[in-house]
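Read off the chains here:
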Amino acid sequence: MKKPRAAVGSRHRKKASSQEGRERHNLSSNQAKPSAPDGLSRRQKKVVLQAPVSSYHLFRDEAEVTVFRESLLSWYDREKRDLPWRRLAEGEGDLDRRAYAVWVSEVMLQQTQVATVIDYYTRWMQKWPTLQDLASASLEEVNQLWAGLGYYSRGRRLQEGARKVVEELEGHVPRTAESLQQLLPGVGRYTAGAIASIVFGQVTGVVDGNVVRMLCRVRAIGADPNSSLVSQQLWSLAQQLVDPIRPGDFNQAAMELGATVCTPQRPLCSQCPVQNLCRAYQRVEWEQLQASRSLPGSPDVEECASNNGQCQLCAPPTEPWDQTLGVANFPRKASRRPPRVECSAICVLEQSRALGDTQILLVQRPDSGLLAGLWEFPSVTVEPSGQHQRKALLQELQSWAGPLPATRLQHLGQVVHTFSHIKLTYHVYGLALGGQTPVTITPPGARWLTREEFRTAAVSTAMKRCSVCMRTNSQGPARVPKDPECLLRPARSSSAQASKSWIVSFSPTPAPMHLGLTVQPSDASGSPHSLRILLFNKVLIFAVALEIFHSLSSPLPPYL
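Please read these numbers as outputs of a predicted model, since none were measured by experiment. (Residues numbered from 1 in each chain as written. Predicted model: local features only at pLDDT ≥ 70, side-chain atom pairs only at ≥ 80, totals over all residues. Heavy atoms only, no water.)

Concerning the overall build of the protein chain
- Within the protein chain, the regular secondary structure consists of 20 helices and eleven strands.
- Buried residues in the protein chain amount to 48% of all 560 residues.
- Considering only contacts in the protein chain between residues 6 or more positions apart, those separated by 24 or more positions represent 68%.
- As displayed, the protein chain offers around 28,000 Å² of accessible surface, 52% of which is attributable to carbon and sulfur atoms. (Helix = DSSP H or I, 4+ residues; strand = E, 2+ residues; numbered from the N terminus. Buried < 20%, exposed > 50% of the residue type's maximum accessible area, 1.4 Å probe, protein only. Contact = heavy atoms within 4.5 Å. Areas by Shrake-Rupley, 256 points an atom, 1.4 Å probe, with all protein chains shown as cover.)

Written out as C-alpha cells, the structure reads:
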C-alpha cells in the first residue's frame, strides 16, 4: 500500500545548518579544527599574518588584561544567575557526570534562550541523569522530550555522543577541548572549549554570540564578525583574556555579561564591570561631546591609528556611526540571506473508534534532513500557486490509509512557520472518516494516535500549530479563515456553524414585561455577564428561558 512520498523540505540543509547546534554563533562556518596550541590552522595563521591588526583593537599589556579579568570575575561572583546546570555541575564530584551536565546545557543553549531551556533541561536530567541512561534511551524518546526546543538534530547528536562515550570510551568524557571536538559528534569548537574549561579546568577561551558582541564592543571591532579574519581575532582575544586560575568561571562570566548587560539592544552600560576598558563606550562619550560642543577642542580619546579605510577590524566607510545606536554600533550586523520560500499541503486525517474517541494519522519523517525522525501529518510539497494540492495530497493519504472519499477533504486554513533557512507555508486540510470502517492496518512509518497521545508525541512546533485546526463537529472538521496567523488565536466559526451556535445573554435587571433574552450568533468575545449556551434551534432557547424563570421561584407573566 505504501509508496514513496514527498517529504517537506527533504533537501539536505546547507552545511552551516547541518550541525544544528550552530555553536559557532554567527562566526565563520569554515573554521578548522585546532591543530596547534592556539587553535589556528596553517591557513588561518596565514590570513592573520597577511593582515596585521592595529594595537587599538588589542589588549596591549598584561596589566590591562589583569584588570579586565579581575573586574569581570568580581562582577560574576556577585551577579551570576542561579541556573540548574550551574548548581548541578558545582555540586557534582564525579567529573564524567559533571561533564555530562554541562554538555547537555551547552547543547540546549545553542541558539535558544535560557528561559526556554530551563524546563527542558530539568526534565531531561530527571529522565536521564547519567550518560549511561541517555545512551540506553531510544531516539523516539529523545525526540519526544526535545519536541518544541528546535534544531532537533542537536538532541540526536547528543545521544550519539553519549553512546560513543559509553561504548567506545569506557564511560569517560574526553578531558581536553581538542579531544572533545575530535571524538564526539556534534561537539564543535565552542562546546568543546566550554566543557573543557568549566569541568576540567583547561585554560582555553570560548566564543559564542554573547562573547562576540562583548569583545567587538570592548575593542571597537566593527568589521563583519563572520569573516575569517575577525573570527580568528575574536578567538585570539578570548584566549588572551581567559583567567588561568578560574578559566571556567571566566568563560561563563564573559557569556553572562553578554547575555544580561551587553545585550544586542539597550545595553546596560552603567552596570558593566569593564566599562572603563570599553572602546565602544569611549566612542559614545566622544560623539556626545562633539555633538554638544560644550568643550573647546577635541577630547583625549584614542582612535585606531590605521583608521584610514584600510583597517580590517574597523567598520567600513560605507557604514558611518549611528548616534542613536551608541555602543550597539558594534558589532556590525551580518547580512543574512532571506529564507527560501516553500509550500506544503498537509492533512489532519481523523477516524472515530468504537470507544467514542478520535484517532489522528501521523507519519514519520526521513532519518535525515529537516526535522529528521519526527512525526507529522501526511504531507506533500506543493507549488505556491496551490494548483493540484487536493489531488496530490489525496494520493499521499491513500498511500498510507487506502481509498478515501475525496469529496470530504476540506481546506481548514494555513500556517506560516519559519525555520532557520526556510519560510514554510502549510496549507492545512482535514478529512474525517465518519461512518466508514476504521483503518486498522497501517504500513511501517505510520501510526494512529488519540489527541491526548498527540500532545506528548515527538512532533515539531509547526505541527502543533497546525493541530489547532483539529476542530470537529458532527459534519467533520470545521473551516477556519485562510489567514497565515489564524492559528495563533482562536478561530472564529464559519457562517454555517454560526447558524447552529448562539450566545444567550440575560439582562441583570430585565424589564417587567419581557424576558430580557437576546440571541445572537456566537463569537469568540462576549460580555462577562453573558451566559453562553450552545443551542441548535429556537425551541431549545425558549425552553432554557422557562427553566431559568422556574428556578427563580417567581410567578411567570400571564402571557406565558
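Some remarks on the nonpolar core
- Of all hydrophobic cores here, the largest spans 113 residues; its most connected members are Phe68, Trp103, Met108, Trp124, Phe377 and Tyr426.
- Structurally, this core is a two-domain feature, drawing no fewer than three residues from each of domain 1 (55-290 + 307-329) and domain 2 (340-474).
- Setting aside residues up to four positions removed in sequence, tryptophan 103 forms contacts with Leu131, Leu158, Gly161, Ala162, Val165, Leu184, Val187, Thr191 and Ile195.
- In terms of nonpolar packing, the next biggest core, distinct from the first, is built from 21 residues, Leu393, Leu404, Leu409 and Leu431 among them. (Core = buried A, V, L, I, M, F, W, Y, C linked by side-chain atoms within 4.5 Å. Domains from an automatic or database assignment.)

Considerations on unusual backbone geometry
- A cis amide bond links phenylalanine 330 with the next residue in sequence, proline 331, at an omega value of -10°.
- Tracing the chain through its elements places proline 331 in the loop between α15 (279-292) and β1 (340-352).
- One non-glycine residue, glutamate 170, adopts positive backbone phi at about 60°.
- Here glutamate 170 shows up in the loop between α9 (153-168) and α10 (177-183).
- Of note in this structure, alanine 220 is not a glycine but carries a positive phi near 50°.
- In this structure, alanine 220 sits in the loop between α12 (209-218) and α13 (228-241).

Observations regarding the pattern of salt bridges
- Counting across every chain of the model gives 16 salt bridges.
- Linked through salt bridges whose partners overlap, the residues forming this network are Asp77, Arg246 and Asp249. (Salt bridge = Lys/Arg side-chain N within 4 Å of Asp/Glu carboxyl O.)

Topic: the packing of aromatic side chains
- Counted by the stated rule, this structure contains seven aromatic pairs.
- Consider the rings of tryptophan 321 and phenylalanine 330, whose centres lie 6.0 Å apart with planes at 55°: the pair is tilted.
- Arranged with centres 5.5 Å apart and planes meeting at 15°, the rings of phenylalanine 377 and phenylalanine 454 form a pair that is stacked. Residue phenylalanine 377 is found in the loop between β3 (375-376) and β4 (379-382), and its partner phenylalanine 454 is found in helix α17 (residues 451-455); the two are separated by 77 residues along the sequence. In terms of burial, phenylalanine 377 and phenylalanine 454 fall into one category: buried.
- Taken together, the aromatic side chains of Phe59, Phe68 and Phe250 make up a single cluster linked through ring pairs.
- Stacked on the ring of tryptophan 235, the Lys or Arg arginine 189 has its end atom at 4.0 Å from the ring centre.
- The ring of phenylalanine 59 is capped by arginine 219, whose NZ or CZ atom sits 4.1 Å from the centre of that ring. (Phe/Tyr/Trp six-rings, centres within 6.5 Å; stacked < 30°, edge-to-face > 60°. Lys NZ or Arg CZ within 6 Å of the ring centre and 35° of its normal.)

Looking at the environment of tryptophan 75
- Summarising the element assignment, tryptophan 75 is placed in helix α3 (residues 62-79).
- In this structure, the C-alpha to C-alpha distance between tryptophan 75 and alanine 253, residues 178 residues apart in sequence, is 8.1 Å.
- Residues within four places of tryptophan 75 in sequence aside, it is in contact with Lys80, Ala253, Glu256, Leu257, Thr260, Val261, Gln271 and Pro273.

Remarks on the confidence of the model for the protein chain
- The predicted model of the protein chain has a mean per-residue pLDDT of 76, with 70% of residues at 70 or higher.
- Of all secondary-structure elements in the protein chain, the lowest mean pLDDT belongs to strand β10 (residues 502-506), at 26, while helix α11 (residues 189-200) reaches the highest, 98.
- Low pLDDT, under 50, characterises residues 1-50; the predicted model gives this stretch 123 contacts beyond four residues in sequence or across chains.
- Overall, residues 472-539 carries pLDDT values under 50, and its contacts beyond four positions in sequence, including any with other chains, amount to 114 contacts. (pLDDT = per-residue confidence, 0-100.)

Let's talk about the side chain of glutamine 202
- Position of glutamine 202 among the secondary structure elements: in the loop between α11 and α12.
- In this structure glutamine 202 comes out as buried when scored by relative accessible area, which is 19%.
- In terms of polar contacts, glutamine 202 uses its side chain to reach the backbone amide nitrogen of alanine 177, at 2.8 Å.
- With residues near it in sequence (within four places) discarded, glutamine 202 still touches Arg175, Thr176, Ala177, Glu178, Ala196, Ser197 and Pro247. (Polar contact = N/O pair within 3.5 Å; in protein donor to acceptor, adjacent residues only side chain to side chain.)

Here we look at helix α6 (residues 114-127)
- Look at α6: 20 Å from first C-alpha to last across 14 residues, which is about the 20 Å you get at 1.5 Å a residue.
- Every buried residue of α6 is accounted for by Val117, Tyr120, Tyr121, Trp124 and Met125.
- Considering only its buried residues, α6 is in contact with α4 (84-90), α5 (95-108), α7 (131-135), α8 (139-146) and α9. (Expected span 1.5 Å × (residues − 1).)

Some thoughts on the packing of α12 against helix α14 (residues 247-260)
- Direction vectors running N to C along α12 and α14 enclose 80°, while the axes themselves pass 8 Å from each other. Relative to α14, the element α12 is oriented roughly perpendicular. Between α12 and α14, the residues in contact are Asn210, Val211, Arg213 and Met214 and Ala254, Met255, Leu257, Gly258 and Ala259, respectively.
- Residue classes in the contact of α12 with α14 are distributed as six nonpolar, two polar and one charged. (Axes fitted to C-alpha atoms, helices over the stretch in contact; angles between N-to-C directions. Parallel < 35°, antiparallel > 145°, perpendicular 65-115°, else oblique. Nonpolar A, V, L, I, M, F, W, Y, C, P; charged D, E, K, R; others polar.)

Considerations on the pairing of strand β6 (residues 422-433)
- Burial analysis of β6 places eleven of its twelve residues in the buried class, which makes it a mostly covered element.
- Judged from the twelve bridges that link them, β1 and β6 form a sheet pairing that is parallel. The residue of β6 that forms the bridge with cysteine 347 is tyrosine 429.
- Sheet analysis places strand β5 (residues 410-418) next to β6, joined by eight bridges and oriented antiparallel. Residue pairing across strands places valine 416 opposite threonine 425, the latter belonging to β6.
- Between the end of β5 and the start of β6, which pair antiparallel, lie three residues. (Pairing = 2+ DSSP bridges.)

Description of the state of the cysteines
- For the structure shown, the criterion picks out zero disulfides.
- Unpaired in this structure, cysteine 269 has its nearest cysteine sulfur neighbour in cysteine 278, at a distance of 6.5 Å.
- Note on cysteine 269: relative accessible area 22%, which makes it partly exposed.
- Cysteine cysteine 272 remains unbridged, with the sulfur of cysteine 278 as its closest cysteine sulfur at 6.3 Å. (Disulfide = S-S within 2.5 Å.)

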